[in-house]
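Examination of the molecular architecture
In case you want the letters, here they are:
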Amino acid sequence: MEININTQGNETVATLIGRLDTLEAQKMTGQFDKLAEKAGGTVILDCPQLEYISSSGLRLFLTLRKAATTKGGKVIVRGLSSDVRNVFMITGFLNLFEIQ
Amino acid sequence: MRTKSPHTDELLAQYRSLLPVYEKMAELIPERLKDFFAEAGIIVAAVEHRVKTESSLAGKLQLKGDKYQSIYDITDLVGIRVITFYNDDVDKVASVLERLFEIDWENSIDKRKVHEIDSFGYLSLHYICRIPESAYTHPEHPELNQIRFEVQMRTVLQHAWANMNHDTGYKSGVEIPRTYKRNLSRLAGILELVDDEFSRIRLELADYRRQVQNLVASGNLSEVQLDGDSFKSYLQIGPFDALMRQIAAINQAEIQPVDLSNFLPLFTEMGFQTLGDIDKLISDYAEAAYQIACFQIGLTDIDILSTSVAPQNLCTAYILKKGGGSFGLKWMLDTLNGPSEVNKEMAELLIEQTKDLPFLNQ
């Protein structure tokens, strides 16, 4: 699993590549903490190359959303694959994010 | 600035020496007031402040300087203005002031009550206040507790009228023709009516909300019209909680509470008119919603779900059972999550996931 973070002004784009399973979610906590620091602006999670997301991965997304709510920013989830979008739908997470 | 009167010069000198205290008061008092309004749940449109300028004071003293023995006799050097949205909030603001400050009742005036029954005009409540030593003292500025200041309280509409009247009225130096004065008075009458209407509507709305809450609490849901207020009250009793707990138990999942108010447009579009219709949806389709969840998450290791799963599955089951098909499901997803072509793909996936479930074949 890999996350590439690129900040320009008030906008941060994080490109997620690979499988965000339970083990990888633990490893990515630090990266998501960095994203949470930017959550006062707009954080875009760019997901076309995100192949799988586990509940632990969803929790990382959720924590980031909470940080954005607290700081007055927003999280946009972009380019979900069909499989990952299905996970968002059946868990009710589609309602939680701005999906593009 | 020197004037022809030694007494006026003396008062202006006193004013200059106290000016930093006036400015401090004009800055601090509104901040303190805003905190107290927030605590009391009073929403105000604005809290303004000003310190009378030296030239304005000189003008005032020129006209009636003999009236004042010392600068402490002038009560409007520091002026605060609280502008409310509703006229009954003016009295609430006044009660906050009565708790916070010593009120000089002799010099305070309720201009809302000075008009004859057949005249209309300036409506505002003016309090002359002093900061009591029990509330606040400053060792370097003991005079702070001696200085009186004026607080004007009025509604947004009264404020608008007062500003218009000020521009065209007594301070303009030009005598205004009777016709314009009469027009301003007529306007004051209209605004007084509008203020009363705003307050009446707020009161009726509060009554309506209480009635809805009582009906929801007593379970008479079919008597409650479905709207923003009633739906909010309904959500407070957790109508989807039991189904949500049942669904979460499939995988012993954590339930993540989310705001469900975005379901209101969907329920409305589905033709539901009362809370009773939603209650019937739950009783008629809970089993089907549970079947959908079992199929979707039963064979996964997902252990976190948002509370929107229960109403989403209820609506899915309802639409499918009514023959809405993938078109109906796409419409549901568009309504809930915003229009998107991807929702078509999701709708078809939902059709695939549910096609063999028992509820569709009963």
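Everything numeric in this text was worked out from a predicted model, so none of it was measured.

Our next topic: the overall build of chain A. Secondary structure assignment for chain A yields 4 helices and 6 strands. The C-alpha atoms of chain A give a radius of gyration of 12 Å, which matches the 13 Å a tight globule of 100 residues would have. Projecting the C-alpha coordinates of chain A onto the three principal axes gives extents of approximately 30 × 25 × 20 Å. Considering chain A as a whole, with its 100 residues, one finds that 51% of them fall into the buried category. Within chain A, contacts between residues separated by at least 24 positions form 67% of all contacts whose residues are at least 6 apart in sequence. Put simply, chain A shows about 4400 Å² of open surface, and 45% of that area lies on carbon and sulfur atoms.

For chain B, the helix and strand inventory stands at 12 helices and 8 strands. Its C-alpha atoms give chain B a radius of gyration of 32 Å, more than 25% over the compact-globule value 21 Å for 362 residues. Dimensions of chain B, computed from the C-alpha atoms along their principal axes, are close to 100 × 55 × 40 Å. Counting the 362 residues in chain B, one finds 44% classified as buried. Considering only residue pairs separated by 6 or more positions, chain B has 73% of its internal contacts joining residues 24 or more positions apart. Placing the 37 positive and 53 negative side-chain charges of chain B at their respective mean positions leaves the two points 8 Å apart.

Looking now at the domain arrangement of chain B. If you check the domain split of chain B, you get domain 1 (6-158) and domain 2 (222-361). Look at where the C-alpha atoms of domain 1 of chain B and domain 2 of chain B centre, and you get two points 57 Å apart.

Here the focus is the interface of chain A and chain B. Facing the 18 residues of chain A at the interface are 26 residues of chain B. For the pair chain A and chain B, the summed buried area comes to about 1800 Å², and 54% of that belongs to carbon and sulfur atoms. Considering only the side of chain A, the residues that lose the most area to chain B are M89, I90 and N95 of chain A, jointly responsible for 34% of the buried surface there. Here chain A and chain B share 2 salt bridges between them. Across the salt bridge formed by D303 of chain B and R59 of chain A, the nearest N and O atoms sit 3.2 Å from each other. Viewed at the interface, chain B and chain A are joined by 10 residue pairs in polar contact (both at pLDDT 80 or more). At the level of elements, α3 (55-71) and α4 (82-90) of chain A are the ones that each hand at least two residues to the side of chain A that touches chain B. For the side of chain A that touches chain B, the element with the most residues is α4 of chain A, which contributes 6 residues. Along the lines of polarity and charge, the residues of the side of chain A that touches chain B split into 9 nonpolar, 6 polar and 3 charged.

Helical periodicity: at 3.6 residues per turn, an α-helix aligns residues three or four positions apart in one direction. Residues and elements named next belong to chain A. Across its 17 residues, α3 extends 24 Å between first and last C-alpha, which sits within 8% of the 24 Å expected from 1.5 Å per residue. For α3, the complete set of buried residues consists of S55, G57, L58, L60, F61, L62, L64, A67 and A68. At the C-terminal side of α3, G72 shows a positive phi close to 80°.

Taking 1.5 Å per residue, 13 residues should reach 18 Å; helix α11 (residues 325-337) of chain B reaches 18 Å between its end C-alpha atoms and fits that length. Taken together, the buried positions of α11 of chain B are G328, L329, K330, M332, L333, D334 and L336 of chain B. Close packing links the buried residues of α11 of chain B with α4 of chain A together with α8 (263-269), α10 (309-321) and α12 (342-354) of chain B. Among the residues trailing α11 of chain B, G338 of chain B stands out with phi positive, at a value near 95°.

Below, the discussion takes up the nonpolar core. Grouped together as the largest cluster of nonpolar side chains are 86 residues, with contacts concentrated most on L45, F61 and F88 of chain A together with F267 and I278 of chain B. In terms of residue count, the dominant contributor to this core is helix α9 (residues 275-297) of chain B (11 residues). Not counting the four nearest positions on each side in its chain, F88 of chain A is found in contact with I53, L58, F61, L80, F93, L94, F97 and I99 of chain A.

How each quantity is defined
Residues numbered from 1 in each chain as written. Chains lettered and ligands numbered in written order. Predicted model: local features only at pLDDT ≥ 70, side-chain atom pairs only at ≥ 80, totals over all residues. Heavy atoms only, no water. Helix = DSSP H or I, 4+ residues; strand = E, 2+ residues; numbered from the N terminus. Rg over C-alpha atoms; globule rule 2.2 N^0.38 Å. Buried < 20%, exposed > 50% of the residue type's maximum accessible area, 1.4 Å probe, protein only. Contact = heavy atoms within 4.5 Å. Areas by Shrake-Rupley, 256 points an atom, 1.4 Å probe, with all protein chains shown as cover. Lys, Arg positive; Asp, Glu negative; His and termini not counted. Charge placed at Lys NZ, Arg CZ, Asp CG, Glu CD. Domains from an automatic or database assignment. Buried area = accessible area lost by both parts, 1.4 Å probe. Salt bridge = Lys/Arg side-chain N within 4 Å of Asp/Glu carboxyl O. Polar contact = N/O pair within 3.5 Å; in protein donor to acceptor, adjacent residues only side chain to side chain. Nonpolar A, V, L, I, M, F, W, Y, C, P; charged D, E, K, R; others polar. Expected span 1.5 Å × (residues − 1). Core = buried A, V, L, I, M, F, W, Y, C linked by side-chain atoms within 4.5 Å.

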